[in-house]
Amino acid sequence: MGYSGVTSRHRTLFFLVTLAIATLWAGRSGAENAVRFTDTTAQAGERFSVGIVIANDVILGGAFIPFRWSSADLRFDSVIFVTDRFHGDVVASRTATDRTHRTSGILLSTSLDPGEQAWIPVGEGPVARLHFTVSQDATDQIAFVDSVQAPLGSGQFVQFTTYDGGTLLLPDVYAGAITIGHPAAVTMQVSPAAMSFRGEVGGLDPPGQRLSISSSSQDFFSWSAQWTNSWLSVLPPEGKAPAQPQVTVDLFVLPEGRYEDTIVLESRHAVNSPVRIPIVLTVDTAGFRPPVDLGFALFQNYPNPFVTYHDPETEIRYYLKEAKSVQIRIYNAVGQLVRVLLSGHVAAGERSLIWDGRDESGVVVPSGRYFCRMTTSTGAITRPMIVIK
């Protein structure tokens, strides 16, 4: 793509200025990075299309969007790319289709040569339309087109690549619903209807509990969870049904008392959304507990104080007498969770972690007093930390 009346040097300068402006705009946009498959309706024997919309708050050099469809009554035919979303000669192609597993994908890529002036600018809009045909004998149903994700067994993720090719973004993905005929309304089925937890001041966190989320429809049912207080968490906080997310509470720095919150489960596909799950946590006065061998140790971090602009990392060492599940988390002075450094099963022995002074969002934390807390099935140990920004 050339520009008449200007030299190659001018074209390069124009590109760099345009890229800089777009980058500044990206920092101001606040848009989420996401892939959305559009909803649609169809009848038996009909041909229809599903749109793929991407939203990005940084300039992209490419995107890989694998997808699958839930119903054997659907046949994927073709893809048409919407080039209005691209700047320059973005290369668009379709990946191989596996009809047995009902999977396929699209690939968007640009050259890293600035002279070609091709990228996907910041914003939101359609990039492709997927064409399907419904079988003649299809029953009334709600089918879904969704991303192919590793937890579903494929080992492939939706991926955004930034223009410089350095950072790989994993965007949020929203399934598209295909209403075929006149199916019954989809409802979200959740159990239990309420949850209660009990613990002691300074004691172990009570065992987590599982929520069961399913639907009156097929798989691919999308849901998300929201709550208010930092002592409550749902992992994962979103997903596809059927699912059993873990609900846990954290007693750290909580005084004696009764605490209440509500988990709000939402799905744009369910007529009964949102579903609310009341949560009650009761913290009792600690009773007498004789000292015990916890079977693990948490050592003081080094350096401490931790100067983020001078020493961008601090080391946290810990020891396990035997293999067990471990959580190591960072809290601020008022007990709010700042960062989860470790959550999982760890082998016996001495190990270390590095904290870069950032919270879960990647933002450097303010100066102040923080706590590193290590929790296992046998107890918890907390070490104070000082951060200087």
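Because the structure is predicted, anything quoted here is derived from the model rather than measured.

## What about the overall build of the protein chain?
Here comes step 1: Along the protein chain, the regular secondary structure elements total 1 helix and 31 strands.
Here comes step 2: Relative to its full complement of 389 residues, the protein chain shows a buried share of 42%.
Here comes step 3: Partitioning the intrachain contacts of the protein chain with sequence separation of at least 6 by distance along the chain shows that 69% fall at a separation of at least 24.
Here comes step 4: Here the protein chain displays about 19,500 Å² of accessible surface, and carbon together with sulfur accounts for 53% of that area.

## Focus: the packing of aromatic side chains
Here comes step 1: One pass over the full model with this rule turns up 11 aromatic pairs.
Here comes step 2: Judged by centre distance (5.8 Å) and plane angle (55 degrees), the ring pair of Phe 306 and Trp 355 falls under tilted. Here Phe 306 is found in strand E25 (residues 306-307), whereas its partner Trp 355 is found in strand E29 (residues 349-355), with 49 residues between them in sequence. With respect to burial, Phe 306 and Trp 355 carry one shared label: buried.
Here comes step 3: The ring of Phe 299 has Arg 317 sitting right over it, with the charged end atom 4.6 Å from the ring centre.

## A closer look at a nonpolar patch on the surface
Here comes step 1: Together, Phe 157, Leu 168 and Leu 170 give the surface a local cluster of nonpolar side chains, amounting to about 290 Å² of exposed area.
Here comes step 2: Summarising the element assignment, Leu 168 is placed in strand E11 (residues 168-169).

## Considering unusual backbone geometry
Here comes step 1: With an omega dihedral of -5 degrees, the bond running from Leu 235 to Pro 236 counts as a cis peptide bond.
Here comes step 2: Take Pro 236: it is sitting in the loop between strand E19 (232-235) and strand E20 (238-241).
Here comes step 3: That bond from Ser 273 to Pro 274 is cis: its omega, 5 degrees, falls within 30 degrees of zero.
Here comes step 4: As for its placement among the helices and strands, Pro 274 is situated in the loop between strand E22 (257-266) and strand E23 (275-284).
Here comes step 5: At Arg 102, a residue that is not glycine, the phi angle is positive and equals roughly 55 degrees.
Here comes step 6: With a relative accessible area of 25%, Arg 102 lands in the partly exposed category.

## What about the sheet that holds strand E8 (residues 123-134)?
Here comes step 1: Strand order across the open sheet formed by 5 strands is E5-E8-E3-E1-E12, with mixed pairing between neighbours. Looking along the sheet, the strands with just one partner apiece sit at the ends: strand E5 (74-81) and strand E12 (172-174). Recorded for the sheet is a direction-independent mean angle of 20 degrees between the axes of neighbouring strands.
Here comes step 2: Inspection of the sheet shows strand E1 (residues 34-37) paired to E12 by 3 bridges, in the parallel sense. In the strand pairing of E12, Val 35 is matched with Val 173.

## A look at the sheet that holds strand E26 (residues 314-320)
Adjacent strands of a sheet form backbone hydrogen bonds with each other and so pair up, either parallel or antiparallel.
Here comes step 1: Taken together, 3 strands build an open sheet; the order of strands is E24-E26-E29 and the sheet is antiparallel. Both outer strands of the open sheet, strand E24 (296-298) and E29, are each paired with one neighbouring strand and no more. Pairwise comparison of adjacent strand axes, ignoring direction, gives a mean angle of 20 degrees for this sheet.
Here comes step 2: Sheet analysis places E24 next to E26, joined by 3 bridges and oriented antiparallel. Paired with Phe 296 across the bridge in E26 is Leu 320.

## Focus: the environment of Gly 379
Here comes step 1: Mapped onto the secondary structure, Gly 379 falls in strand E31 (residues 379-388).
Here comes step 2: Residue classification places Gly 379 among the buried positions, given a relative accessible area of 5%.
Here comes step 3: A C-alpha to C-alpha distance of 8.9 Å links Gly 379 and Gly 295, two positions 84 residues apart in sequence.
Here comes step 4: Those residues within four positions of Gly 379 in sequence are excluded, and the remaining contacts are Leu 204, Leu 294, Phe 296 and Met 374.

## Observations regarding the environment of Arg 373
Here comes step 1: Mapped onto the elements, Arg 373 comes out in strand E30 (residues 368-376).
Here comes step 2: For Arg 373, a relative accessible area of 8% translates into the label buried.
Here comes step 3: Arg 373 sits 121 residues away from Phe 252 along the chain, and the two C-alpha atoms are 8.6 Å apart.

## A closer look at the pattern of salt bridges
Here comes step 1: Summed over all chains, the structure comprises 11 salt bridges.
Here comes step 2: The residue Arg 36 makes a salt bridge to Glu 124 at a minimum N-O spacing of 3.2 Å. Here Glu 124 lies in strand E8 and Arg 36 lies in strand E1, a separation of 88 residues in the sequence.
Here comes step 3: Arg 36 gets classed as partly exposed once you look at its relative accessible area, which sits at 23%.
Here comes step 4: Using a relative accessible area of 54% as the deciding quantity, one classes Glu 124 as exposed.
Here comes step 5: Between Glu 350 and Arg 317 there is a salt bridge, with its nearest N and O atoms 2.4 Å apart. Taken together, the positions of Glu 350 in strand E29 and Arg 317 in strand E26 put the pair 33 residues apart, joining distant regions of the chain.
Here comes step 6: Taking the relative accessible area as the measure of exposure, Arg 317 reaches 32% and is therefore partly exposed.
Here comes step 7: Connected through shared salt-bridge partners, Arg 47, Arg 75 and Asp 77 make up one network.

## A word on the pairing of strand E28 (residues 337-346)
Here comes step 1: Two strands pair when backbone bridges link them, and strand E27 (residues 324-332) and E28 are joined in this way by 8 bridges, in the antiparallel orientation. Residue Ile 328 lies in a different strand from E28, and its bridge partner there is Leu 342.
Here comes step 2: Between E27 and E28, which follow one another and run antiparallel, lie 4 residues, and Gly 335 among them has a positive phi close to 85 degrees.

Calculation rules
- Residues numbered from 1 in each chain as written.
- Predicted model: local features only at pLDDT ≥ 70, side-chain atom pairs only at ≥ 80, totals over all residues.
- Heavy atoms only, no water.
- Helix = DSSP H or I, 4+ residues; strand = E, 2+ residues; numbered from the N terminus.
- Buried < 20%, exposed > 50% of the residue type's maximum accessible area, 1.4 Å probe, protein only.
- Contact = heavy atoms within 4.5 Å.
- Areas by Shrake-Rupley, 256 points an atom, 1.4 Å probe, with all protein chains shown as cover.
- Phe/Tyr/Trp six-rings, centres within 6.5 Å; stacked < 30°, edge-to-face > 60°.
- Lys NZ or Arg CZ within 6 Å of the ring centre and 35° of its normal.
- Patch = residues over 30% accessible without salt bridge, like charges linked within 9 Å, V, L, I, M, F, W, Y side chains within 5 Å.
- Salt bridge = Lys/Arg side-chain N within 4 Å of Asp/Glu carboxyl O.
- Pairing = 2+ DSSP bridges.
- Axes fitted to C-alpha atoms, helices over the stretch in contact; angles between N-to-C directions.

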